[in-house]
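Structural overview for review
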Amino acid sequence: MPHRKNILFTVSDSTPLAELYRRLSQGIDIIEAHSAFAHKRALPTVRQAISHLRRFVAGELGTDEGAKLWFKKLTKLAEEVGDMTPAQSAYILAAAEVAHAASHMGHVNMALSRGGRTRADAEYVKLQTAYVNFAFKGVDEFLALADSSLKPNFAFNDEAVAA
């Protein structure tokens, strides 16, 4: 029997950098606004992640300590706190997706710093931009698993192509 392929999301690969940062800030705000979903033992880690992600956006922390570290810690936290409810687990994974987006922002910045010298550079920017946007869709999906009444925050239907 052939494997059935599904398209999970349609995301943009051409979001301007300033918009990616605006969305990242929005994602952090969303996670903070829904912190009541966090398990009591997970809450201190979530608060630290929010603080460090904000510092990453502000340029005070690099990608490793401001984003990648928190993606790893939050995904590990989802495994380690064994008595989380499904909603609490989904919330932690939504928070991890914000950190995942931030991690890929580091790749976007690195690729842009190369100045598009080669076709591979330009394609790498597009790929990493799509990864960032895919992570934002993950935020929406996991939050909907935490609370089905929550509306999506990230849509890419009419996104303009970057100049």
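Scroll up a little and you will see the structure.
Everything in this summary refers to the structure shown in the same document. The shown structure was predicted, so the numbers you read here are calculated from the model rather than taken from an experiment.

**Section: the overall build of the protein chain**
Along the backbone of the protein chain there are five helices and zero strands. Ordered by position in the sequence, the α and β elements of the protein chain form the string α-α-α-α-α. In terms of C-alpha radius of gyration, the protein chain reaches 16 Å, essentially the compact-globule figure of 15 Å for 163 residues. Once local pairs closer than 6 in sequence are excluded, the contacts in the protein chain between residues at least 24 apart make up 74%. Looking at the protein chain as shown, the accessible area adds up to about 9,200 Å², and 55% of this sits on carbon and sulfur atoms. The positive charge centre, built from 19 side chains, and the negative charge centre, built from 18, are 3 Å apart in the protein chain.

**Focus: the environment of Arg 114**
With respect to the secondary-structure elements, Arg 114 resides in the loop between α4 (86-113) and α5 (119-146). For the pair Arg 114 and Val 125, spaced eleven residues apart in sequence, the C-alpha separation works out to 10.0 Å. Within the structure, Arg 114 has its side chain in polar contact with the side chain of Asp 121 (distance 2.6 Å).

**Structural notes on the packing of helix α3 (residues 63-80) against α4**
At their nearest, the axes of α3 and α4 sit 8 Å apart, and the two run at 150 degrees to each other. One finds that α3 runs roughly antiparallel with respect to α4. Note on packing geometry: the crossing formed by α3 with α4 is left-handed. The segment α3 lies against α4, with Thr 63, Ala 67, Lys 68, Trp 70, Phe 71, Leu 74, Thr 75, Leu 77 and Ala 78 engaging Ile 92, Leu 93, Ala 95, Ala 96, Glu 97, Ala 99, His 100, Ala 102, Ser 103, Gly 106 and His 107.

**Some words on the environment of Arg 117**
Tracing the chain through its elements places Arg 117 in the loop between α4 and α5. A relative accessible area of 58% means that Arg 117 is categorised as exposed. Residues Arg 117 and Pro 2, 115 residues apart in the sequence, show an inter-C-alpha distance of 41 Å. Looking at Arg 117, its side chain comes within polar contact range of the main-chain oxygen of Arg 114, at 3.4 Å.

**What about the nonpolar core?**
Of all hydrophobic cores here, the largest spans 37 residues; its most connected members are Leu 24, Ile 31, Val 46 and Leu 74. Elements represented by at least two residues in this core include exactly α1 (17-33), α2 (43-57), α3, α4 and α5. Ranked by residues supplied to this core, first place goes to α4 with eleven residues. Excluding anything up to four places from it in sequence, Ile 31 contacts Val 46, Ile 50, Tyr 91, Ala 94, Ala 95 and Val 98.

**Let's talk about the pattern of salt bridges**
Evaluated as defined, the whole model comprises ten salt bridges. Arg 22 is paired through a salt bridge with Glu 19; the nearest N and O atoms lie 2.8 Å apart. Residue Arg 22 and its partner Glu 19 are located together in helix α1, separated by three residues, close to a single helical turn. For Asp 83, the salt bridge identified is with Arg 41, shortest N-O distance 2.7 Å. Here the residue Asp 83 occupies a position in the loop between α3 and α4, and Arg 41 occupies one in the loop between α1 and α2, the gap between them amounting to 42 residues. Since its relative accessible area comes to 46%, Arg 41 is described here as partly exposed.

**Remarks on α2**
A rise of 1.5 Å per residue sets the reference length of α2, with its 15 residues, at 21 Å; its end C-alpha atoms lie 21 Å apart and thus fit the reference within 8%. All of the buried residues along α2 are Leu 43, Thr 45, Val 46, Ala 49, Ile 50, Leu 53 and Phe 56. In a view along the axis of α2, the buried residues occupy a sector of 155 degrees, so they form one face of it. Contact partners of the buried residues in α2: α1, α3 and α4. One or two positions beyond α2, positive phi appears at Gly 59, with a value near 85 degrees.

Parameters at a glance
Residues numbered from 1 in each chain as written. Predicted model: local features only at pLDDT ≥ 70, side-chain atom pairs only at ≥ 80, totals over all residues. Heavy atoms only, no water. Helix = DSSP H or I, 4+ residues; strand = E, 2+ residues; numbered from the N terminus. Rg over C-alpha atoms; globule rule 2.2 N^0.38 Å. Contact = heavy atoms within 4.5 Å. Areas by Shrake-Rupley, 256 points an atom, 1.4 Å probe, with all protein chains shown as cover. Lys, Arg positive; Asp, Glu negative; His and termini not counted. Charge placed at Lys NZ, Arg CZ, Asp CG, Glu CD. Polar contact = N/O pair within 3.5 Å; in protein donor to acceptor, adjacent residues only side chain to side chain. Axes fitted to C-alpha atoms, helices over the stretch in contact; angles between N-to-C directions. Parallel < 35°, antiparallel > 145°, perpendicular 65-115°, else oblique. Left-handed = near helix turned anticlockwise from the far one by under 90°. Buried < 20%, exposed > 50% of the residue type's maximum accessible area, 1.4 Å probe, protein only. Core = buried A, V, L, I, M, F, W, Y, C linked by side-chain atoms within 4.5 Å. Salt bridge = Lys/Arg side-chain N within 4 Å of Asp/Glu carboxyl O. Expected span 1.5 Å × (residues − 1). Arc of directions from axis to C-beta.

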